Amino acid sequence: MATESASKILSIDGHEVQITNPEKLYFSSQINVTKLELVQYYISVAPGALAGIQDRPIVLKRFVNGAEGEAFYQKRAPEKRPAWLRTVILSFPSGRTAEEIAVDDTSGLAWIVNLGCIELHPHPVRSGDLDHPDELRIDLDPVPGVSWDDVRRVALEVQGFLDQVGLRGWPKTSGSRGMHVNVRIEPRWTFTQVRRAAVALSRAVERRAPTLASSKWWKEERHGVFLDYNQNAKDRTTCSAYSVRPLPDARVSTPLYWEEVPDCNPADFTIFTVPERFVKIGHPHAEMDASPGSLEKLLELADKDEAAGIADAPWPPHFRKAEGEAARVMPSRAKSAAKKIAIKKRRVKMPLITVANSPDKAAALAGLERWKAKHADIASLLAVDDVLVDSMRGRSSTWTRIRINLHHVPEEQRPPQETPEPDDDPTREWRERWKKQGPE
């Protein structure tokens, strides 16, 4: 039980918010940041942070042991919560529902950060209409080895395409290796329609910059910067503006002006530098709500793709198979999928082996290095894109899977699949049960 001396009471917006264990280190591997300092950071940028989460149901991604500890996702609002904190009932693709927190003010923001929410994960809907998103989310996710320059180039291609279809994008660093571009839209399209528009956009940008951008869902097919259209599927969330990311230097997902994009460096935006930036220049996305746009041109483009025989792109694995969706199977494992579509196409099997599975990314990467040391001759033949580092999202946590694509290695030299080391897949048992029983 926390004692009075082990907590601190903050008076915010007329409410008292208790910060438990305020001196607990939430960042300690490279810098020292306490829980109280994290709360104070969010208070200092509250107008900007609230602009991204206010009146939206929010998934609580909790790092109760700090940034170096394992996180878990909590969709349902804690039973013990202040009476002044609002909730909404959100439905999921499975048919289940959950009562989720909706943050309205700085006191609510401080309260969820005290729970260990280092980063903020709102849904793209407002509480008044939970079925029609008001935000199209473009997530630029570079594959391993791709440079930040390429991420910026793809972001500018996104800006150019949005201009063509009459939409305005609002860029921000992801706080990690990528970039986000959010588009405010009129809340009159369903999640399915918004995702369909995002697929069309991703494919259009890939056509504009085929050597830089990729719309391919399967990681073994990707190159360059992946435009993750599935971030627009219902029940998916991304970190919002001014979110602190659990990286050693406490980087921040920072809103930008477009003129900043060509020269920006994500390492410049941290918990220490962003508050001063916010005081000096304010919130670059302050006018986002003033310019909602229409998805009609993107949906017309989606219709053209469909008429040309381009099937729907794969959905996340826990979604029910959609009408018109191609076979949901990795290309390397596809054997008969080509028989199920109108145009028969032989698919190339990619020689993939798994070398590490672990909830601890550092442990998985260490396993990769051990594999490279053991197979030094083989490792020298690999291209950058041949190492697939996948951040896998389970039911309540994330874990890391590392695979090697051996297609650049002569067949007679390819090592066999061995037991990954480490081999700790926290979803294995659940997936086996799902195969037998179906989703809940």
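Nothing here was measured: the structure is a model prediction, and the numbers come from that model.

Engineer: A description of the pairing of strand β12 (residues 179–184) should follow, citing residues and the corresponding values.
Structural biologist: Burial runs high along β12: six of the six residues are buried. Because side chains alternate across β12, one face comprises the buried residues Met179, Val181 and Val183, and the other comprises His180, Asn182 and Arg184, equally buried. Examined bridge by bridge, strand β10 (residues 135–142) and β12 share six bridges and lie antiparallel to one another. In the sheet register, aspartate 139 faces β12, and the bridge partner there is histidine 180. Sheet topology note: the strand β11 (residues 170–173)/β12 ladder contains four bridges and is antiparallel. Looking at the pairing, proline 171 lines up with valine 181 of β12.

Engineer: Kindly report on helix α4 (residues 148–164), identifying the contributing residues and their values.
Structural biologist: Given a rise of 1.5 Å per residue, 17 residues ought to cover 24 Å, and the 25 Å separating the end C-alpha atoms of α4 matches this to within 8%. Within the sequence span of α4, burial applies to Trp148, Asp150, Val151, Arg152, Val154, Ala155, Val158, Phe161 and Leu162. Just downstream of α4, glycine 166 is the residue with a positive phi angle, here 75°.

Engineer: With reference to specific residues and values, describe the packing of helix α5 (residues 191–208) against helix α7 (residues 296–307).
Structural biologist: Packing of α5 against α7 leaves a shortest axis separation of 8 Å and a crossing angle of 75°. In terms of axis orientation, α5 runs roughly perpendicular to α7. Residue-level contacts link Gln193, Arg196, Ala197, Ala200, Leu201, Arg203, Ala204 and Arg207 of α5 to Leu298, Leu299, Leu301, Ala302, Asp303, Asp305 and Glu306 of α7. Its residues assigned to classes, the contact of α5 with α7 shows eight nonpolar, one polar and six charged.

Engineer: Break down the sheet that holds strand β16 (residues 387–393) for me, with residues and values.
Structural biologist: Across the sheet, which stays open at both edges, the three strands sit in the order β15-β17-β16 with antiparallel pairing between neighbours. Among the strands making up the open sheet, the edge pair consists of β15 (352–358) and β16. Neighbour-to-neighbour, the strand axes of this sheet turn through a mean angle of 25°, independent of strand direction. Here β15 runs beside strand β17 (residues 398–405); their pairing, made up of six bridges, is antiparallel. Looking across to β17, one finds that isoleucine 353 is bridged to isoleucine 404. The sheet strands contacting helix α8 (residues 361–374) are β15, β16 and β17, and the helix crosses β17 at an angle near 20°.

Engineer: Explain the pattern of salt bridges to me, and be specific about the residues and the numbers.
Structural biologist: Per the stated rule, a full pass over the model turns up 33 salt bridges. In this structure, arginine 86 engages aspartate 104 in a salt bridge whose closest nitrogen and oxygen atoms are separated by 2.7 Å. One end of the pair, arginine 86, is in strand β7 (residues 86–91); the other, aspartate 104, is in the loop between β8 (97–102) and α3 (106–114), and 18 residues separate them in sequence. You can call aspartate 104 partly exposed: its relative accessible area is 29%. Arginine 196 serves as the salt-bridge partner of aspartate 303, at 2.8 Å between the closest nitrogen and oxygen. Of this pair, aspartate 303 sits in helix α7 while arginine 196 sits in helix α5; the two residues are 107 residues apart in sequence, bridging distant segments of the chain. Accessibility expressed as a relative area gives 43% for aspartate 303, which makes it partly exposed. Look at arginine 196 and you get partly exposed, because its relative accessible area is 27%.

Rules used throughout
- Residues numbered from 1 in each chain as written.
- Predicted model: local features only at pLDDT ≥ 70, side-chain atom pairs only at ≥ 80, totals over all residues.
- Heavy atoms only, no water.
- Buried < 20%, exposed > 50% of the residue type's maximum accessible area, 1.4 Å probe, protein only.
- Helix = DSSP H or I, 4+ residues; strand = E, 2+ residues; numbered from the N terminus.
- Pairing = 2+ DSSP bridges.
- Expected span 1.5 Å × (residues − 1).
- Axes fitted to C-alpha atoms, helices over the stretch in contact; angles between N-to-C directions.
- Parallel < 35°, antiparallel > 145°, perpendicular 65-115°, else oblique.
- Contact = heavy atoms within 4.5 Å.
- Nonpolar A, V, L, I, M, F, W, Y, C, P; charged D, E, K, R; others polar.
- Salt bridge = Lys/Arg side-chain N within 4 Å of Asp/Glu carboxyl O.

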